[in-house]
Amino acid sequence: MTVETESNSINVAIFSTAEEASREVARRIAGAVNRRPDGVLGLATGGTPVKAYQALIGMYRDGKVDFSKIRTFNLDEYIGLPADHPQSFRHFMDQQLFQSINVDPERTFVPDGLASDVAQACSQYEAMIRDAGGIDLQLLGIGHNGHIAFNEPGSAADSRTRQVALTDETIENNARFFESIDQVPRHAITMGIGTILEAREIVLLALGEGKAEAVKKMVHGPITEQHPASLLRRHRNVTAVLDAAAARRLA
Ligand code: GLP
């Protein structure tokens, strides 16, 4: 299904290297925290944000940003992995960011991959985001098939936090983090596209040539649920921060 919209542009910021693009994302996140020290960040996992989180840790150590009052909500989590599983997104966030900055662990939220009532856990997650006042800045990556968080192609533009089945392609892509492909969970909890579009500002980071086609479709292709990232063009304040390789196919 193709979705027609009136405003359909996305800001694009291109940097020659992944390091520079990542530093730019860190600067934007730190800027949001400094503007609203008790605000709410939406955070992402995957290989892409690692350097941005390192840059953010550097800024924290240099005294340029204080996370003590901030609240964070992560996009997604695998179903079936406990928080301390090395491949859980909660574990990733603790290792890659939270334990190296002064965020209060009690104010960091990741969907619960072991929830006994998943539907209830999802609506509770939505309520917690609402009660926190909504997300000020949401960081995103992009999948090769245009997925954002775990909203795979076909996800509804107004979808909310829910349980989803991962596509074979996503399972294959994420197998690199596991010992074998059989260990990759088949299901996840993800914020919905509707949830993501409610963030006041969205920053999508894409690095490397492998993302160039997905980036091109996001920026220039039809706005369609078949390429979830293209739905971001419905939002007023989205910036795609790219390295030159990811920007290669943009006209
Ligand atoms: C994952 C995540 C997404 C992420 C994407 C790309 O499966 N759920 O949030 O943006 O795939 O991952 P990577 O940054 O490793 O390429």
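Bear in mind that the values here come from a model prediction, so they are computed numbers and not experimental data. (Residues numbered from 1 in each chain as written. Predicted model: local features only at pLDDT ≥ 70, side-chain atom pairs only at ≥ 80, totals over all residues. Heavy atoms only, no water.)

Attention now moves to the sheet that holds strand S3 (residues 71-74). Spatially, the seven strands line up as an open sheet ordered S1-S10-S9-S6-S2-S3-S5, and their pairing is parallel. The outermost strands of the open sheet, each flanked by one partner alone, are strand S1 (11-15) and strand S5 (108-109). Note: strand S2 (residues 40-43) against S3, four bridges, orientation parallel. By the bridge assignment, Leu41 is partnered in S3 with Thr72. Packed on one face of the sheet, helix H1 (residues 18-35) meets S1, S2, strand S6 (137-140), strand S9 (201-206) and strand S10 (238-243) and runs near 150 degrees to S10. (Pairing = 2+ DSSP bridges. Helix = DSSP H or I, 4+ residues; strand = E, 2+ residues; numbered from the N terminus. Contact = heavy atoms within 4.5 Å. Axes fitted to C-alpha atoms, helices over the stretch in contact; angles between N-to-C directions.)

Strands sit in the order S4-S8-S7 across an open sheet of three strands; the sheet is antiparallel. The open sheet is flanked by strand S4 (76-78) and strand S7 (162-165), the only strands paired with a single partner. Across the sheet, the mean angle separating the axes of adjacent strands is 30 degrees when strand polarity is ignored. Sheet topology note: the S4/strand S8 (residues 187-190) ladder contains three bridges and is antiparallel. By the bridge assignment for S8, Glu77 is matched with Ile189.

Our focus in this paragraph is the nonpolar core. Leu41, Tyr53, Phe67, Leu97, Ile196, Met218 and Leu232 are the most contacted members of the largest nonpolar core, which has 69 residues in total. No other element matches H1, which puts eight residues into this core. Setting aside anything within four residues of it in sequence, one finds Phe67 in contact with Val33, Leu41, Leu56, Tyr60, Ile101, Asn102 and Val103. Counting 11 residues, the second largest nonpolar core, distinct from the first, contains Leu81, Phe150, Ala175 and Val184. (Core = buried A, V, L, I, M, F, W, Y, C linked by side-chain atoms within 4.5 Å. Buried < 20%, exposed > 50% of the residue type's maximum accessible area, 1.4 Å probe, protein only.)

Moving on, we get to the site of the ligand. With respect to spatial proximity, the complete set of residues near the ligand consists of Gly46, Gly47, Thr48, Asp76, Gly141, Ile142, His147, Ala149, Phe150, Asn174, Arg176 and Lys211. The separation between an oxygen atom of the ligand and a polar side-chain atom of Arg176 is 2.9 Å. At 2.6 Å, a side-chain N or O of Lys211 approaches an oxygen atom of the ligand. When the ligand is considered free in solution it has 390 Å² of accessible area, and contact with the protein chains removes 94% of it. (Near = heavy atom within 4 Å. Polar contact = N/O pair within 3.5 Å; in protein donor to acceptor, adjacent residues only side chain to side chain. Areas by Shrake-Rupley, 256 points an atom, 1.4 Å probe, with all protein chains shown as cover.)

Here we take up the packing of helix H2 (residues 50-61) against helix H3 (residues 89-96). Geometrically, a packed helix pair is captured by the angle between its two axes and the distance between the axes. Between H2 and H3, the least distance of the axes is 10 Å, while the angle of their chain directions is 40 degrees. The orientation of H2 relative to H3 falls into the category oblique. Contacts from Val50, Tyr53 and Ile57 of H2 reach H3 at Phe92, Met93 and Gln96. Here the contact of H2 with H3 is composed, by residue class, of five nonpolar, one polar and no charged. (Parallel < 35°, antiparallel > 145°, perpendicular 65-115°, else oblique. Nonpolar A, V, L, I, M, F, W, Y, C, P; charged D, E, K, R; others polar.)

Axis separation between H1 and H2 bottoms out at 8 Å; the angle between their running directions is 55 degrees. Considered as vectors, H1 and H2 are oriented oblique to each other. The chirality of how H1 crosses H2 is right-handed. Contacts between H1 and H2 involve Glu19, Ser22, Arg23, Val25, Ala26, Arg27, Ile29 and Ala30 on the former and, on the latter, Lys51, Ala52, Ala55, Leu56 and Met59. Looking at the contact of H1 with H2 residue by residue, the classes come out as eight nonpolar, one polar and four charged. (Left-handed = near helix turned anticlockwise from the far one by under 90°.)

The values reported here are purely geometric and, on their own, carry no functional implication.
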